[in-house]
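Summary of structural features
This is what each chain is made of:
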Amino acid sequence: MEGRILELAPAKLNLILDVLGKRPDGYHELETVMQSVDLRDEVYITLTDRPGIKVDISRDDLPRDLHNLAGKAAQVFLSYVNLPDQGVEVYINKRIPDKAGLAGGSSDAAAVIRGLDALLDTGLCETELLDISGRVGSDVPFCLLGGTRLCRGCGEIMTELPELPDCSIVIVKPDFSVSTPELFAALDSKRVLRRPDTGGFLKALNARELTGLGPYTVNVFEEVLPEDLGRRVQDIKDALLAAGALGASMTGTGSAVFGIFESTVRPAGLSGFGDVFFVKPLKSGE
Ligand code: C5P
């Protein structure tokens, strides 16, 4: 079969992020509200008559082929629908910064799953597409659906939430990255003093109170960052709050930091901290 499709792959933010404990399988139980935003990669998916999966990307420093999560997504999808000889070419025009906690790779993978589903006209239901997504990576099920969702387990147990009230979001990506496994391990050995209040966040979201949400945007990983990096994240948060953000937090295991604003802003002086993106929340994963 042949055909070509463009899928958009939005970044996600963790508006609030808590880790409830370590499971017997070594993974950690999460409680987080994820939000899609309109910072998007473009993912072109092409069916070819040459068996094999090829992934190319607009940045030289990012992995290609099956080392890229988008390639793994194609592989898992084709095996699930029993089409191992179908050729697939993926080209990713990258806009979402990597090593940021913005799920760029997971969103590209979800875009491949959506795209292959449409091109191959598989007739798979949402539950099956989520099953495929979960086999590819923890954040992929959320990225498949997008919007505003409470995510538990490793992120795959999702509850749809009321959409975030209209707002503007500023994301700052500093030039350092943080090791995800090291941050999870640090949580196991340190007592966290300031825990996120997910119940309070959900109450404010249900009340459609943007201003009330601000103080609840807390990420448990910030407290276990190496000291120098923690200071840099705090400096960015302070700058966002000084510019009028209602709340500011790191997303995922970093290193991107975001601030939520009531109206469109272009605060000056943030570029000294890293790359700056001005985004809006999305209602779905595209
Ligand atoms: O999901 P990702 O592949 O980025 O996770 C990297 C590492 O983070 C895992 O190998 C695991 O050590 C840790 N992790 C965890 N619990 C989760 C997600 C990730 O312990 N829910």
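Each remark here, short or long, concerns the structure printed above.
These notes cover the structure that comes with them.

**Section: the environment of Cys-167**
With respect to the element layout, Cys-167 can be found in the loop between strand S6 (157-160) and strand S7 (168-173). Measuring from C-alpha to C-alpha, the distance between Cys-167 and Leu-39 comes to 15 Å, with 128 residues separating the pair along the chain. Excluding anything up to four places from it in sequence, Cys-167 contacts Leu-210, Ile-260, Phe-261, Glu-262, Lys-280 and Pro-281.

**Points about the pattern of salt bridges**
What the rule picks out here adds up to 21 salt bridges. Between Arg-135 and Asp-131 there is a salt bridge whose closest N-O contact spans 3.1 Å. One end of the pair is Arg-135 and the other is Asp-131, both in helix H3 (residues 126-136) and four residues apart, which spans about a single turn. By relative accessible area, which is 49% here, Arg-135 ends up partly exposed. Given the relative accessible area of 32%, Asp-131 is considered partly exposed. One continuous salt-bridge network, built from bridges that share partners, spans Arg-59, Asp-61, Asp-98 and Lys-99.

**A word on the side chain of His-28**
Here His-28 shows up in strand S2 (residues 28-48). At 2.8 Å, the side chain of His-28 and the side chain of Asp-188 are in polar contact. Among residues more than four places away in sequence, those in contact with His-28 are Val-19, Gly-21, Lys-22, Arg-23, Gly-153, Cys-154, Phe-184 and Asp-188.

**A closer look at the site of the ligand**
Taken together, Gly-26, Tyr-27, His-28, Leu-30, Ser-138, Cys-154, Thr-180, Pro-181 and Phe-184 make up the full set of residues near the ligand. Contacts to the ligand include His-28, whose side-chain N or O atom sits 2.6 Å from an oxygen atom. Contact with the protein chains removes 63% of the 450 Å² of surface that the ligand exposes when unbound. Put simply, the parts of the chain that give the shell around the ligand at least two residues each are S2 and helix H5 (180-189). Per-element accounting of the shell around the ligand gives the leading share, three residues, to H5. Per-class residue counts for the shell around the ligand are five nonpolar, four polar and no charged. Structurally, the shell around the ligand is a two-domain feature, drawing no fewer than three residues from each of domain 1 (3-160) and domain 2 (168-279).

Rules used throughout
- Residues numbered from 1 in each chain as written.
- Predicted model: local features only at pLDDT ≥ 70, side-chain atom pairs only at ≥ 80, totals over all residues.
- Heavy atoms only, no water.
- Helix = DSSP H or I, 4+ residues; strand = E, 2+ residues; numbered from the N terminus.
- Contact = heavy atoms within 4.5 Å.
- Salt bridge = Lys/Arg side-chain N within 4 Å of Asp/Glu carboxyl O.
- Buried < 20%, exposed > 50% of the residue type's maximum accessible area, 1.4 Å probe, protein only.
- Polar contact = N/O pair within 3.5 Å; in protein donor to acceptor, adjacent residues only side chain to side chain.
- Near = heavy atom within 4 Å.
- Areas by Shrake-Rupley, 256 points an atom, 1.4 Å probe, with all protein chains shown as cover.
- Nonpolar A, V, L, I, M, F, W, Y, C, P; charged D, E, K, R; others polar.
- Domains from an automatic or database assignment.

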